[in-house]
Amino acid sequence: MPETTEKYDLLVVGAGAAGCTAALKAARSGLKTLLAERAPGPGVHVQPKLDITQDENIKKIIKETGVKTRGRSNKSMWLSRSHSLQLTSRIHDLFILRGKHPDSYESQLSQKALDAGCELSFNTSLGVVQISRDGFESAVLISEDGSRRMVKPEFVIAADGISSHVLSSCFPHLQEKRQTEFVGAGAMLENATTIHGGVTHVFFDSKLLPGGYFYLCRFKKNNAVAAAALPVHKLGAHSVEHYFKQFTQSHPILRQLFKKATLINYFAGGSHAARLDKHYHKNILLTGDAGRLLDPLLGYGVNHAIHSGYWAAAAIAEASAEEEAAGLYERKLASDLLPGMREGARARKALDSMTNNDFDSIIRFLNHVSSKADLEKFLEDPISHPIPLLESLSRHPTTLLLLRHLYKVF
């Protein structure tokens, strides 16, 4: 065992989106912070990819950190098999580069954290973790060359992903009710001139993408990302890569795109959403995938990772005791993220049951509504817009059977 013990205000485990966000916030708040990551660098276990996520809850955080994104847009096109809907929203999509790249979100933030005084330790794994009735006491960090060091932090932020070592070691009695497990596969492309820039295309097809969806967007310099995201319980005997290739080969827009564009790389991944009875234990806070903070409807994760990492560090910096930090953090999750996850879990059941005829009916119905009312306000509360609701239903009566789905999904 190491002879000396190094003390820190905060140990952040994992240098993904949640961990790097937390480390930067903590270091800028004056906390002596150590960010430990088992990979050789921040985000390097992920092939370069473009994450598309809504800026709701995180736009102020993105601005505060000073991180550069790959663009933003509030324009989208939603496509069923036979119909399409164009939507301009007050909420923007952010295009965030992730993974092993010098300009990725994780690389930018880890460098900013280093500049703010955070210590970075890569090629480092957690060895023996000492837990007492008062929470996390110390841990032995083991580097790739086998050297060992003991650290004793006042607080720990677990940001080490879906297979979190901190979660499995330090939360033996945590109640976890799994909601939806997602897998995804996609491609980064160059010379994607056959699609409109700055518009997120979202495709639904219950036969080719069972329970899931396909998104496509061109961003700066004619680069594009195309990806399929599907819930595991709908895959059957096939892999997500099978559905990705099947859909790109069958859809005329995508066939043309993949024929003319240049492939940069493929990427794949997965995670799951779950309802936890709490996201802390004493002086340990769970963030991102380690806290199962994933949208159970569409599988969005980076928004929740950024939000939870930032507010976990903010709670520690602002609190005068560990109970206060845990309470501040849990209340922030309860107000900003957890209600949406509960609604998403209900909507997931509706989406699972929809057919291609259902998707076509919904798109037709919403197109008619958009000619009568502000579509975004209508989707927030259809009942408060009785005239466009009734007019659209009279024109598309089959949609009446889908109102329950529509209300929950949107």
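Just so it is clear, the model here is predicted, and its values are computed rather than measured.

> Got a minute to help me understand the overall build of the chain in this structure?
From N to C terminus, the chain includes 13 helices and 16 strands. What you see for the chain is a C-alpha radius of gyration of 22 Å, in line with the 22 Å of a compact globule of 410 residues. Projecting the C-alpha coordinates of the chain onto the three principal axes gives extents of approximately 75 × 45 × 40 Å. Counting every position in the chain, which comprises 410 residues, the buried fraction comes to 55%.

> What should I look at first to understand the side chain of Asp 55 in this one?
Residue position: Asp 55 is located in the loop between β3 (49–54) and α2 (59–65). Among the residues examined, Asp 55 registers a relative accessible area of 3% and is labelled buried. Within the structure, Asp 55 has its side chain in polar contact with the side chain of Arg 72 (distance 3.4 Å). Those residues in contact with Asp 55 that sit more than four places away from it in its chain are Arg 72, Ile 91, His 92, Leu 94 and Asn 303.

> Before we go on, may I ask you to explain the environment of Phe 378 in this structure?
Mapping Phe 378 onto the fold places it in helix α11 (residues 375–380). Judged by relative accessible area, Phe 378 falls into the buried class, the value being 0%. Once the C-alpha coordinates of Phe 378 and Leu 366 are considered, the two residues, twelve residues apart in sequence, prove to be 9.4 Å apart.

> Before we go on, may I ask you to explain helix α8 (residues 322–336) in this structure?
Think of an α-helix as 3.6 residues a turn; residues three or four steps apart then line up on the same face. If you check α8, its first and last C-alpha atoms are 21 Å apart, about what 15 residues at 1.5 Å a residue would give, namely 21 Å. Ala 325, Ala 326, Gly 327, Tyr 329, Glu 330 and Leu 333 are the residues of α8 that are buried. Close packing links the buried residues of α8 with β9 (148–158), β15 (280–281), β16 (284–286), α7 (302–318) and α9 (338–352).

> What's the story with the state of the cysteines in this structure? I'm lost.
Disulfides are covalent bonds that link the sulfur atoms of two cysteine residues. Evaluation of the coordinates by the stated rule reveals zero disulfides. For Cys 20, which is in no disulfide, the shortest distance to another cysteine sulfur is to Cys 118 and amounts to 8.8 Å. Given the relative accessible area of 0%, Cys 20 is considered buried. Residue Cys 118 is classed as buried on the basis of its relative accessible area, which comes to 3%.

> When you look at α9 in this model, what are you seeing that I'm missing?
Counted at 1.5 Å a residue, the expected span for α9 with its 15 residues is 21 Å, and the 21 Å between its end C-alpha atoms agrees. What α9 keeps buried is the set Leu 338, Met 341, Gly 344, Ala 345, Ala 347, Arg 348, Ala 350 and Leu 351.

> It is not clear to me how the side chain of Asn 283 should be interpreted in this structure. Could you clarify?
Positionally, Asn 283 belongs in the loop between β15 and β16. At 2.8 Å, the side chain of Asn 283 forms a polar contact with the backbone nitrogen of Phe 136. One polar contact links the side chain of Asn 283 to the main-chain carbonyl oxygen of Glu 154, over a distance of 3.0 Å. Discounting chain neighbours no more than four positions away, the residues touching Asn 283 are Asp 134, Gly 135, Phe 136, Pro 153, Glu 154, Phe 155, Val 156 and Glu 322.

> What should I look at first to understand the environment of Leu 333 in this one?
Mapped onto the fold, Leu 333 is located in helix α8. Once the C-alpha coordinates of Leu 333 and Trp 311 are considered, the two residues, 22 residues apart in sequence, prove to be 8.5 Å apart. Residues within four places of Leu 333 in sequence aside, it is in contact with His 279, Leu 293, His 307, Ser 308, Leu 338 and Pro 339.

> Can you walk me through the pattern of salt bridges in this structure?
Side chains carrying opposite charge are able to pair once their charged atoms draw close together. Considering all chains together, one arrives at eleven salt bridges under this definition. Among the ionic pairs, Asp 205 bridges to Arg 81, the shortest N-O distance being 2.9 Å. Here Asp 205, found in the loop between β11 (199–203) and β12 (213–218), pairs with Arg 81, found in the loop between β4 (72–79) and β5 (84–98); they are 124 residues apart in sequence, far enough to count as distant. Looking at Asp 205, the relative accessible area reads 5%, which means it is buried. Close ionic contact of Arg 178 with Glu 181 constitutes a salt bridge, the shortest N to O distance being 3.3 Å. Arg 178 gets classed as partly exposed once you look at its relative accessible area, which sits at 48%. Bridged by salt links that share partners, the residues Glu 6, Glu 119 and Arg 149 form one connected network.

Thresholds applied
Residues numbered from 1 in each chain as written. Predicted model: local features only at pLDDT ≥ 70, side-chain atom pairs only at ≥ 80, totals over all residues. Heavy atoms only, no water. Helix = DSSP H or I, 4+ residues; strand = E, 2+ residues; numbered from the N terminus. Rg over C-alpha atoms; globule rule 2.2 N^0.38 Å. Buried < 20%, exposed > 50% of the residue type's maximum accessible area, 1.4 Å probe, protein only. Polar contact = N/O pair within 3.5 Å; in protein donor to acceptor, adjacent residues only side chain to side chain. Contact = heavy atoms within 4.5 Å. Expected span 1.5 Å × (residues − 1). Disulfide = S-S within 2.5 Å. Salt bridge = Lys/Arg side-chain N within 4 Å of Asp/Glu carboxyl O.

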